[in-house]
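# Fold and geometry: a report
The residues making up each chain are set out below.
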Amino acid sequence: MSDGPPSRRRFLAGAAGLTGAALTGSAQAGNPKNLPPNVPEWTRVLGDGVVARPYGVPSKHEAHVVRRDVSWLTASRESSVSFTPLHELDGIITPSGLCFERHHAGIAEIDPADYRLIIHGLVDKPLMFTLEDLKRLPRVNRIHFLECAANSGMEWRGAQLNGCQYTHGMVHCVEYTGVPLRVLLAEAGVKPNAKWLLAEGADAAAMTRSIPLEKALNDCLVAYRMNGEMLRPEQGYPARLVVPGWQGNMWVKWLRRLKLGDQPWFAREETSKYTGLMPSGKARQFTFVMDAKSVITSPSPQAPVRQKGFTVITGLAWSGRGKIARVDVSLDGGKNWREAKLDGLVLDKAVTRFYAETEWSGGEMLLQSRAIDETGYVQPSKNDLRKVRGVNSIYHNNGIQTWLVKADGEVENVEVS
Ligand code: MTE
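All values derive from a computational prediction rather than experimental measurement. (Residues numbered from 1 in each chain as written. Predicted model: local features only at pLDDT ≥ 70, side-chain atom pairs only at ≥ 80, totals over all residues. Heavy atoms only, no water.)

### Some words on the pattern of salt bridges
Opposite charge on two side chains lets them pair, provided their charged atoms get close. This model, assessed by the stated rule, comprises 24 salt bridges. In this structure, Arg353 and Asp90 form a salt bridge, with 3.4 Å as the shortest nitrogen-oxygen distance. Within this pair, whereas Arg353 is found in strand β20 (residues 352–360), its partner Asp90 is found in the loop between β1 (80–81) and β2 (102–103), the two being separated by 263 residues in sequence. Given a relative accessible area of 2%, Arg353 falls into the buried group. A relative accessible area of 46% means that Asp90 is categorised as partly exposed. One salt bridge in this structure joins Arg209 and Glu270, with 3.1 Å as the shortest N-O distance. Taken together, the positions of Arg209 in strand β8 (residues 208–212) and Glu270 in the loop between β12 (255–261) and β13 (276–277) put the pair 61 residues apart, joining distant regions of the chain. You can call Arg209 buried: its relative accessible area is 1%. If you follow the salt bridges from partner to partner, you end up with Lys215, Asp219, Asp348 and Lys349 in one network. (Salt bridge = Lys/Arg side-chain N within 4 Å of Asp/Glu carboxyl O. Helix = DSSP H or I, 4+ residues; strand = E, 2+ residues; numbered from the N terminus. Buried < 20%, exposed > 50% of the residue type's maximum accessible area, 1.4 Å probe, protein only.)

If you want it as structure tokens, here you go:
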């Protein structure tokens, strides 16, 4: 095990080693008939024509890269969650078809011709928009993460699920196109005594949340596109609320109604659910902001280390309070830390990709990452978090994750004291 970044000389030696392995064909099993110096089968035939795949799908060899669920977690699939395969992804954008889903009453299939969004309550002029009306209004593009407040919720009492897909996969990050909520509210004319906004979904759960008007006017969107295409049905087609940095439950999908009021509505999802039971017996309520968090996505239990030598450690960090300022990585369970490289776009309330490189010699490693956001907030250890919040919460577990890399390269979800 090496604690520091690999030296240039050692990196080059490692790279030469990798090239050697590829030339002898020993890196991966395959069909020898397709390997040099033979002409592989795909070079001998014409491939499919241009519109054989009018809407492209990934290579059949990537069929294992899918959303997954945990069968014992919920009683029904209609009120359940699937998880993003974070360990299979790189960069910061989640492919649309891999975004985790959380539905309380299944996927509403809405005919866009029959879609309506109503704005009423404490407004000068109640309004009703069609989808075409929304598309005619001024629009913006924003990249944001969405994290379910219950992400990592199974880990409050100890390490439980073996894979970052399950421990951290209730997060995705896409580009949204939509109308700023302030534009829609200005059309309706907000009355001076309005302080809160009720957002309601058109699914059978009629998902309902109260949102402070200040947030609604600041950076919320009514989005109809993600990653350039129209929203997928699972993500709220044809329109959803985008509430940057705040808990995913508030991002109402299949959005049908916005009501202005002078106080919150105390809906089910903000009283009996999405509140946090503290050690005192009292519950925290309206815990909107998602605190800074990070996870190493590879190596991780579903992405073990396959070869000794040069190894890239990578992961994601995000904060509901703004941009990620720094990510530290430890290979020894938090005794020593070094700064990871942030690569690509570092955006407000979006995930940030980080990398740290090492030479792995086959010794045990206790991998951890620690996010620090631009407000100076430092991601806490799980034990520090438990000292304040106890273990009865489900929501807002942003404690530091530990992966044990064993001598055979397999990786396990563990905790360090
Ligand atoms: N909106 C409606 N109408 N119905 C729902 O069940 N689930 C919420 C939120 N919006 C939900 C909803 C929850 S709990 C989360 S975490 C996010 O949507 C999940 O968004 P996603 O399915 O796009 O990942």
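Now that the structure has been shown, we can carry on.
### Examining the environment of Gln307
Its location among the elements puts Gln307 in the loop between β15 (293–298) and β16 (309–318). The class of Gln307 is partly exposed, set by a relative accessible area of 43%. Distance from Gln307 to Asp408, taken between C-alpha atoms, is 9.4 Å for residues 101 residues apart in sequence.

### Some thoughts on the site of the ligand
Taken together, 21 residues lie near the ligand, and Phe100, His104, Asp203, Arg240 and Lys253 sit nearest. One nitrogen or oxygen atom from the main chain of Phe100 is found 2.6 Å from an oxygen atom belonging to the ligand. In the model, an oxygen atom of the ligand is placed 2.7 Å from a nitrogen or oxygen of the His104 main chain. Relative to its unbound accessible area of 530 Å², the ligand is 100% covered by the protein chains. The site holding the ligand turns out to be the largest cavity. (Near = heavy atom within 4 Å. Polar contact = N/O pair within 3.5 Å; in protein donor to acceptor, adjacent residues only side chain to side chain. Areas by Shrake-Rupley, 256 points an atom, 1.4 Å probe, with all protein chains shown as cover. 1 Å grid on protein atoms, 1.4 Å probe; cavity = no way out; pocket = protein on both sides within 12 Å on 5 of 7 lines; lining within 4 Å. Sits in = over half its atoms within 2 Å of the grid points.)

### Structural notes on the nonpolar core
Soluble globular proteins tend to pack their nonpolar side chains together in the buried interior. Residues Leu181 and Leu184 are the most contacted members of the largest nonpolar core, which totals 62 residues. The dominant element in this core, judged by the number of residues it contributes, is strand β9 (residues 221–226), at five residues. Excluding anything up to four places from it in sequence, Leu181 contacts Leu197, Ala216, Cys220, Leu221, Val222, Leu241 and Leu258. By size, the runner-up hydrophobic cluster in this structure holds 32 residues, among which are Leu331, Met365, Leu367 and Val411. (Core = buried A, V, L, I, M, F, W, Y, C linked by side-chain atoms within 4.5 Å. Contact = heavy atoms within 4.5 Å.)

### Describing the packing of aromatic side chains
A complete count under the given rule lists eight aromatic pairs for this structure. Aromatic pair Tyr176 and Trp251: ring centres 5.7 Å apart, planes at 55 degrees, arrangement tilted. Of this pair, Tyr176 sits in strand β6 (residues 171–180) while Trp251 is found in the loop between β11 (240–242) and β12, placing the two residues 75 residues apart along the sequence. The buried category is assigned to Tyr176, whose relative accessible area is 0%. According to the relative accessible area criterion, Trp251 is buried, its value standing at 1%. Between Trp196 and Phe286, the aromatic rings sit 5.5 Å apart at their centres with planes inclined by 40 degrees, giving tilted as the arrangement. Taken together, the residues Trp196 in strand β7 (residues 196–201) and Phe286 in the loop between β14 (283–284) and β15 connect sequence positions 90 residues apart. The class of Trp196 is buried, set by a relative accessible area of 16%. (Phe/Tyr/Trp six-rings, centres within 6.5 Å; stacked < 30°, edge-to-face > 60°.)

### Describing the state of the cysteines
Here a disulfide denotes a covalent bond joining the sulfur atom of one cysteine to the sulfur atom of another. Per the counting criterion, the structure on display carries zero disulfides. With no disulfide of its own, Cys148 has Cys99 as its nearest cysteine by sulfur position, at a separation of 14 Å. Just so you know, Cys173 is unpaired, no disulfide at all, and the nearest cysteine sulfur is the one on Cys99, 8.9 Å from it. The class of Cys173 is buried, set by a relative accessible area of 1%. (Disulfide = S-S within 2.5 Å.)

### Concerning the environment of Val391
One can find Val391 in the loop between α6 (382–389) and β22 (402–405). Residue class for Val391 comes out partly exposed when judged on its relative accessible area of 31%. Note: C-alpha distance between Val391 and Asn413 (22 residues apart in sequence) is 18 Å. Discounting residues that sit within four places of it in the chain, Val391 has contacts with Trp156, Arg157 and Arg386.

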